[in-house]
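Each chain, letter by letter, is given below.
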Amino acid sequence: MNKNIVTRFAPSPTGMMHVGSLRTALYSYLWARHNGGKFILRIEDTDRERFVPGAIEQIVRTLNWAGFDYDEGPVLTSDGKIQERGQNGPYIQSKRTAIYREYTKQLIDHGHAYRCFCTREDLEAMRTDQQQRGVPPMYDRRCLQLTEQQIKQKLDQKTPYVVRLKVPRDGYTVFKDVIRKRVQFENKLVDDQVLLKSDGFPTYHLAVVIDDHLMGVTDIIRGEEWLSSTPKHIFLYQAFRWPVPSYAHLPLLVDRERKKLSKRRGDVAVDDYIKKGYLKDAILNFIVLLGWNPKTAEEIFTLPELVKRFELAQVHKAAAVFDLEKLNWVNGKYLRTLPVPRVRELSEQYLCSLPGYQDYRANTKFIEKAIALEQSRIKKLSDLPEAIGFFFSEKLDYDPAQLVWRKSDRPKTILAMQKALDRLELFTEADFVQAKLEPALLAFAKEQGIDNGTMFWPLRFALSGKERSPSPFEIMGVLGKTQSLRRIQSGLNRLKK
RNA sequence: GGCGCCAUCGUCUAGUGGUCUAGGACACUGCCCUCUCACGGCAGUAACCUGGGUUCAAAUCCCAGUGGCGCUGCCA
């Protein structure tokens, strides 16, 4: 517990939020809350070309959906507008360009950075040449040779330029990563990173360091793809004489081919999973376990439990495969604990286009009874229409031959169905519930000397039209006497033909 | 190519020198329940990347190789 801990989630608004980003956000959130510290949301929109309108709103909405409340950062007002909240704003980097420019000037003045007037073509040619010579492609510092007059002249001519970090060429940069322990890079292999682009916007490397420092971030939790650029960030902290924060580089999330999760091979957006009917808690529970576990046999955790138990230092080093099978299992686990009315609410969007559903729409009792039967049989909400469709429409499409149980035959089945029908007629509509039907019919079959399979398979099939379904008693309890008898009679008629 | 990170069942992982004939979960298989499916219960198959060291003893420490991934952009 360290109340001084400050973490942040700093996504780029370039589209839908990725499940990998969700995990980074989750770990950052958990670590802050676990310590009783602060959690900040910052938007890194310094690449104007990749900016997607609406993406910031989307990020905020996803964070709200997940329940990651943050102490500072952009929030959504009731009318859907972005509003900044917190003492260290703005939290959207494109609004902070003046800050970056000022600090860049400081770096230049102190000799930690320099202007580079090379064009993209110059750089391209330089890289090609370096590659042909088999040397590491790095900026050759030609603009560092420029005299003060030359620089002044170019500035007067309004020659576009970038500002580069002057990386020390000696020694090593060593830092401790919470997850990876000691990491070391040889300084002479670190390129003179562009800090300020010619459009006046900072690159990630400059903005991230300045903002993390100004916003008081103590623990940087980010994806492993940033590990190799950490030395550049450390140089900057040193140049500014700022304390270097703690780093935790998270292992990547990969697909079953061990490739970075990609759109081509499956869903990567959090929204894709929400749309498929995966529950929030299940997604978070599944995702937190991809790279971390509390070292017990337990697998199901609520967010508050995670806050209590999460430890950054326990996070794994190796990349984790995003395995849908396990997500399905976790989701099923959560689905089964949900109250039926809640499942109905959440499923409304999936059910509304179901044939016959509109006739029952107001009859929530009926819908909920149907859902209760299928709740343990589906993996996700979007499976529900397929599962309960037969309750709403009596137009069941099946081959009458399927009414015959595998160990039975047609004549026996016709007889069993007829007898069942006669017995069922004796029930009042009020008594037509599973608790009364099941013992009575079971006893009836026994007394008639009819196999359970011979009698109940065809009943169930006639009622549901499916090989796999809840028991006939359960279905009849939902459908009621009239509808149930009609379906069984219809099945019998079709079998007799 | 260079640099870096990583490496336990198919997957997520426990394991920090002896308690490992390597534990749990998902998936898979079988059994129980049962008219079917699901749920639930029980059982089973299945892994320490390879090669060298260090040590009385290595999944655990060191080195090399191999493989995977990341970075190598005026993207983040």
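This text gives an overview of the structure that appears in the document. Since the structure is predicted, the reported quantities are computational estimates derived from the model, not experimental observations. (Residues numbered from 1 in each chain as written. Chains lettered and ligands numbered in written order. Predicted model: local features only at pLDDT ≥ 70, side-chain atom pairs only at ≥ 80, totals over all residues. Heavy atoms only, no water.)

1. A look at the overall build of chain A
Each helix and strand counted, chain A has 20 helices and 13 strands in total. By the compact-globule yardstick of 23 Å for 497 residues, chain A is too spread out, its C-alpha radius of gyration being 32 Å. By principal-axis analysis of the C-alpha atoms, chain A measures approximately 105 × 50 × 45 Å. A buried classification covers 50% of the 497 residues belonging to chain A. Excluding contacts between residues fewer than 6 apart, the proportion of contacts in chain A whose partners are at least 24 apart in sequence is 73%. Split by element, the accessible area of chain A, about 24400 Å² in all, is 50% carbon and sulfur. The centroid of the 79 positive side-chain charges in chain A is displaced by 2 Å from the centroid of its 62 negative side-chain charges. (Helix = DSSP H or I, 4+ residues; strand = E, 2+ residues; numbered from the N terminus. Rg over C-alpha atoms; globule rule 2.2 N^0.38 Å. Buried < 20%, exposed > 50% of the residue type's maximum accessible area, 1.4 Å probe, protein only. Contact = heavy atoms within 4.5 Å. Areas by Shrake-Rupley, 256 points an atom, 1.4 Å probe, with all protein chains shown as cover. Lys, Arg positive; Asp, Glu negative; His and termini not counted. Charge placed at Lys NZ, Arg CZ, Asp CG, Glu CD.)

2. Regarding the protein's contact with RNA strand B
The environment of RNA strand B is formed by 64 residues, the closest being Lys259, His316, Ser376, Arg377 and Pro472. Counting only atoms of RNA strand B within 4 Å of the protein, the sugar-phosphate share comes to 75%. A distance of 3.4 Å separates a sugar or linking oxygen of RNA strand B from a polar atom in the backbone of glutamate 325. One nitrogen or oxygen atom from the side chain of arginine 460 is found 3.0 Å from a base oxygen belonging to RNA strand B. Elements represented by at least two residues in the surface near RNA strand B include exactly α4 (120-132), β8 (181-186), β13 (320-321), α11 (324-337) and α18 (452-464). Counted by class, the surface near RNA strand B contains 25 nonpolar, 14 polar and 25 charged residues. (Near = heavy atom within 4 Å. Polar contact = N/O pair within 3.5 Å; in protein donor to acceptor, adjacent residues only side chain to side chain. Nonpolar A, V, L, I, M, F, W, Y, C, P; charged D, E, K, R; others polar.)

3. Comments concerning helix α16 (residues 410-425)
In a regular helix each residue adds 1.5 Å, so 16 residues correspond to 22 Å; α16 covers 22 Å between its end C-alpha atoms and thus fits that length. Those residues of α16 that sit buried are Thr413, Ile414, Ala416, Met417, Ala420, Leu421 and Leu424. One face of α16 carries all of its buried residues, which in axial projection span an arc of 165°. Residues of α16 that are buried sit in contact with α17 (434-448), α18, α19 (472-479) and α20 (481-496). At the N-terminal boundary of α16, the capping side chain belongs to aspartate 409, with an oxygen 2.9 Å from the backbone nitrogen of lysine 412. (Expected span 1.5 Å × (residues − 1). Arc of directions from axis to C-beta.)

4. Let's talk about the packing of aromatic side chains
The full count for this structure, using the stated rule, is 25 aromatic pairs. Considering the side-chain rings of tyrosine 273 and phenylalanine 322, the 5.3 Å spacing of their centres and the 55° angle between planes classify their relative orientation as tilted. Linking tyrosine 273 in helix α8 (residues 270-275) with phenylalanine 322 in the loop between β13 and α11, this pair joins segments that are 49 residues apart in sequence. When its relative accessible area of 5% is taken as the criterion, tyrosine 273 is described as buried. Ring plane angle 65° and centroid distance 5.8 Å describe the contact between phenylalanine 366 and phenylalanine 392, whose orientation is recorded as edge-to-face. Of the two residues, phenylalanine 366 is situated in helix α14 (residues 364-374) and phenylalanine 392 in helix α15 (residues 384-392); the sequence distance between them amounts to 26 residues. A single burial state applies to phenylalanine 366 and to phenylalanine 392, both of which are buried. An aromatic cluster of three or more residues is present, and its members are Tyr27, Trp31, Trp292 and Phe310. One residue, arginine 460, lies across the ring of tryptophan 457, its end atom 4.9 Å from the ring centre. One residue, arginine 494, lies across the ring of tyrosine 398, its end atom 4.1 Å from the ring centre. (Phe/Tyr/Trp six-rings, centres within 6.5 Å; stacked < 30°, edge-to-face > 60°. Lys NZ or Arg CZ within 6 Å of the ring centre and 35° of its normal.)

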